[in-house]
Amino acid sequence: MTDSQKTPGPLEGIAGIVKGMWTIFKEGFKPKITVQVPEEKLEYPERTTGRVFLNLDTCIGCTLCEQICPNGTIRMVDLHYEKKQEFDKKYPNKREIYPSVDVSTCIHCNLCEEICPTGAITLEAEVEEVHFKRKNTRYTPEQLSRKEAELWGEDER
Amino acid sequence: MNLFFFLMSILYGILKFLHINFIPYSYNGIPVGLWIAYLIVAAVEVVLVFAIAMVAVIIIVYVFRKYMADVQNRIGPNRIGPWGSLQLIADVFKLLQKQDLMPTSADRLAFKVAPYIIFTPVILGFVVIPFGNVSILNLMVVNFNYTILFLIAFMTVAPVGEIIGGLASHNKFSLYGAMRSAAQDMGFEVPMLISLISVIILAGSYSANDIVIAQRVIPFIIPEILGFIVFFLAMIARQSIPPFDLPESGSELVSGFSTEYSGMRYGILYMGNFGFMALASFVVAVIYLGGWEGPIFPGTVWLVIKGAVFIIIFLLTWVSLGRVRIDQLLNIGWKYLLPLSIINLLISAGIALYFGGVF
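Residues numbered from 1 in each chain as written. Chains lettered and ligands numbered in written order. Predicted model: local features only at pLDDT ≥ 70, side-chain atom pairs only at ≥ 80, totals over all residues. Heavy atoms only, no water.

Per the secondary structure count, chain B includes 13 helices and 4 strands. Restricting to contacts in chain B with at least 6 residues of sequence separation, those with at least 24 account for 75%. Of the roughly 16600 Å² that chain B leaves accessible, carbon and sulfur atoms contribute 73%. (Helix = DSSP H or I, 4+ residues; strand = E, 2+ residues; numbered from the N terminus. Contact = heavy atoms within 4.5 Å. Areas by Shrake-Rupley, 256 points an atom, 1.4 Å probe, with all protein chains shown as cover.)

Looking now at the overall build of chain A. In terms of helices and strands, chain A carries 6 helices and 5 strands. Listed N to C, the secondary structure of chain A is α-β-α-β-α-β-α-β-β-α-α in terms of helices and strands. Here chain A holds 157 residues, and 29% of them are scored as buried. Contacts spanning at least 24 positions in sequence make up 71% of the contacts within chain A whose residues lie at least 6 apart. Accessible surface for chain A amounts to roughly 11000 Å². Of this, 56% is attributable to carbon and sulfur atoms. (Buried < 20%, exposed > 50% of the residue type's maximum accessible area, 1.4 Å probe, protein only.)

Here we come to the interface of chain A and chain B. Contacts between chain A and chain B engage 13 residues on the former and 13 residues on the latter. At the boundary of chain A with chain B, total buried surface from both sides reaches about 1200 Å², with 61% on carbon and sulfur atoms. Taken as a group, M21, I24 and K32 of chain A account for 40% of the area that chain A buries against chain B, more than any other trio of residues on that side. Seen at the junction of chain A and chain B, the total is 2 salt bridges. (Buried area = accessible area lost by both parts, 1.4 Å probe. Salt bridge = Lys/Arg side-chain N within 4 Å of Asp/Glu carboxyl O.)

To find the voids left in a structure, one rolls a probe of water-molecule size over its atoms. In this structure, the largest pocket encloses a volume near 1300 Å³. In this structure, the largest pocket is lined by 32 residues; those nearest its centre are G13, I14 and I17 of chain A together with L233 and I332 of chain B. Listed by contribution, the elements that provide at least two residues to the lining of the largest pocket are α1 (10-27) of chain A together with α9 (225-238), α12 (299-320) and α13 (326-355) of chain B. Broken down by element, the residue count for the lining of the largest pocket peaks at 9 residues, all from α1 of chain A. Along the lines of polarity and charge, the residues of the lining of the largest pocket split into 26 nonpolar, 6 polar and no charged. In this structure, the second largest pocket encloses a volume near 390 Å³. For the second largest pocket, the lining is made up of 17 residues, of which Y44, A125, E126, V127 and E128 of chain A are closest to its centre. Residues that form the lining of the second largest pocket fall into these classes: 9 nonpolar, no polar and 8 charged. (1 Å grid on protein atoms, 1.4 Å probe; cavity = no way out; pocket = protein on both sides within 12 Å on 5 of 7 lines; lining within 4 Å. Points joined across faces, edges and corners; volume = space filled by probe spheres on them. Nonpolar A, V, L, I, M, F, W, Y, C, P; charged D, E, K, R; others polar.)

Checked against the element boundaries, L202 of chain B lands in helix α7 (residues 172-203). C-alpha separation for the pair L202 of chain B and A214 of chain B, spaced 12 residues apart in sequence, amounts to 8.3 Å.

So, about the pairing of strand β3 (residues 97-102) of chain A. Residues and elements named next belong to chain A. Of all the 6 residues making up β3, 6 are buried; the element is thus mostly covered by neighbouring parts of the structure. Side chains I97, P99 and V101 of β3 all project onto a buried face; the interleaved residues Y98, S100 and D102 project onto the opposite face, where all are buried too. The pairing of strand β2 (residues 74-78) with β3 spans 5 bridges and is antiparallel. Residue pairing across strands places R75 opposite S100, the latter belonging to β3. Where β3 meets strand β5 (residues 138-139), 2 bridges bridge the pair, whose relative direction is antiparallel. The residue of β5 that forms the bridge with V101 is Y139. (Pairing = 2+ DSSP bridges.)

Residue and element names in this part refer to chain B. With respect to the helices and strands, L193 occurs in helix α7. Judged by relative accessible area, which is 32%, L193 ranks as partly exposed. Remark: the alpha-carbon pair of L193 and L321, spanning 128 residues in sequence, is separated by 25 Å.

Quick look at unusual backbone geometry now. The omega angle of the peptide bond from P242 of chain B to P243 of chain B is 5°, so this bond is cis rather than trans. Examined against the element boundaries, P243 of chain B turns out to sit in the loop between α9 and α10 (250-253). One non-glycine residue, H108 of chain A, lies in the positive phi region at around 55°. With respect to the helices, strands and loops of the structure, H108 of chain A is situated in the loop between β3 and α4 (111-115). In this structure H108 of chain A comes out as partly exposed when scored by relative accessible area, which is 29%. Of note in the backbone geometry, W83 of chain B takes a positive phi value of approximately 55° without being a glycine. On the secondary structure map, W83 of chain B appears in the loop between α2 (34-71) and α3 (87-96).

Residue and element names in this part refer to chain B. Evaluation of the coordinates by the stated rule reveals 18 aromatic pairs over all chains. Residues F228 and F310 carry aromatic rings whose centres are separated by 5.9 Å and whose planes lie at 50° to one another, so their mutual orientation is tilted. Taken together, the residues F228 in helix α9 and F310 in helix α12 connect sequence positions 82 residues apart. A relative accessible area of 13% places F228 in the buried class. An aromatic cluster is defined as three or more aromatic residues linked by ring pairs; in this entry it consists of F228, F231, F232, Y288, F310 and F314. One cation-aromatic arrangement involves K172 over F173; the distance from NZ or CZ to the ring centre is 5.8 Å. Directly above the ring of F276 sits R238, whose terminal nitrogen or CZ lies 4.4 Å from the centroid. (Phe/Tyr/Trp six-rings, centres within 6.5 Å; stacked < 30°, edge-to-face > 60°. Lys NZ or Arg CZ within 6 Å of the ring centre and 35° of its normal.)

So, about the sheet that holds β3 of chain A. Taken together, the 3 strands give an open sheet; going across it, the order is β2-β3-β5 (chain A), and neighbouring strands pair in antiparallel fashion. For this open sheet the edge positions go to β2 and β5 of chain A, each flanked by a neighbour on one side alone.

So, about helix α5 (residues 147-155) of chain B. All names here are of chain B. Residues of α5 that are buried: T147, I148, L151, I152 and M155. Looking down the long axis of α5, one finds its buried residues gathered within 135° of arc, a one-sided arrangement. The inward-facing, buried residues of α5 abut α4 (108-125), α6 (158-168), α7, α8 (208-214), α9 and α11 (263-288). (Arc of directions from axis to C-beta.)

Everything listed here is a matter of geometry and, on its own, says nothing about what the molecule does.
Given below as structure tokens:
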């Protein structure tokens, strides 16, 4: 029988209890890790893969993001969007389709950002996607281009 | 609180003065004046004791929640009232709104009575705690020569309530909880009483106030360290908080004898538990740490400080220690604490014999 397998005596047991209690006592003076979410906000690092953001100006409607998306979260929708003249010259093959994202099924896998040829889709540090109705969780391309705070109060959400 | 006590003492003194000097004991054989004075005093005292107990419960529950949150690096209650201090009151209102549920096969009368059997002795225990003194007036609600016996008698009533509640619930887990409660209380009350006897030997009195006065030279924790350990462990066991929470062990017995209780009945059990924690800390402070004796501050402040130390230790054991097995618990009670308390009794008897009237 090695030392580690020996049954502790009463004094060792009491010492262990006191040591454990002292450890717990010291824990009471450490800073709190919880955050009061509505009032306080955590600062997310820049590399956080949160909600999908879309730059409507650079999106060329190539549907690569729809093809790479693992669970059908991204679907292309038709959208009449006023294009600028220079934009038309730069991307002459522009089709008038843009990705829409269902934020309730998005798994933030970052594949769409990696596949995007023009860098139009990015996943940024935006996590507060709150909705009361399920139909509102599918974001239109126009909603995807805006920040979450600007969207609050729109269409009864 | 001290001011309140002071006003109480003045009222009491005035009524006693009136009673002795002006109001005749009897008029044509019928006692007059006697009952009205004592009725007023008794009414004020009842309200006072209940207020002390309830305030203690509210403070302890708040401190418990905040402290448990602290050691778990959380914030704790922080929504209702300043820093969440009114959380317990909100909880009580929530419990009052709940449906009054009772198991169909339960013993109805016993089931209803059991929470009050647990709760009432806790309130009555506060009656005999000496909270301090203002010049010659003792700040006790009642003062007589056998207050410690009274206190111990009422402390030992509450386990009966647990057993009644567990049996009346007609539930396997509640029955297990009640049986464990009986075994635990029997195992720890004998050493507790023996260690208390050694205090009474040293103080030479059964009165709690005399025990406090006897510790003016040296607190009893120094000559009676063994008895203190025994009594303190017995107090932890009596409250059934970890590591001795076998009667209501949450994970194995689904909270034991209180499984079937809900709504305000559970609230009363809960308040009884925390009220006993306050009572136990005051009793330990009075018996072993010199109660209201202390320099500079008034006596009540000293008693509250000493009680608060024990409450923090109770809470620390609660949040940090695991539960012992039932055989380990009975071994601790009968095999270790009982011999320790008897050794302590012999030591204190020797001290009393050798030093005589010093203590």
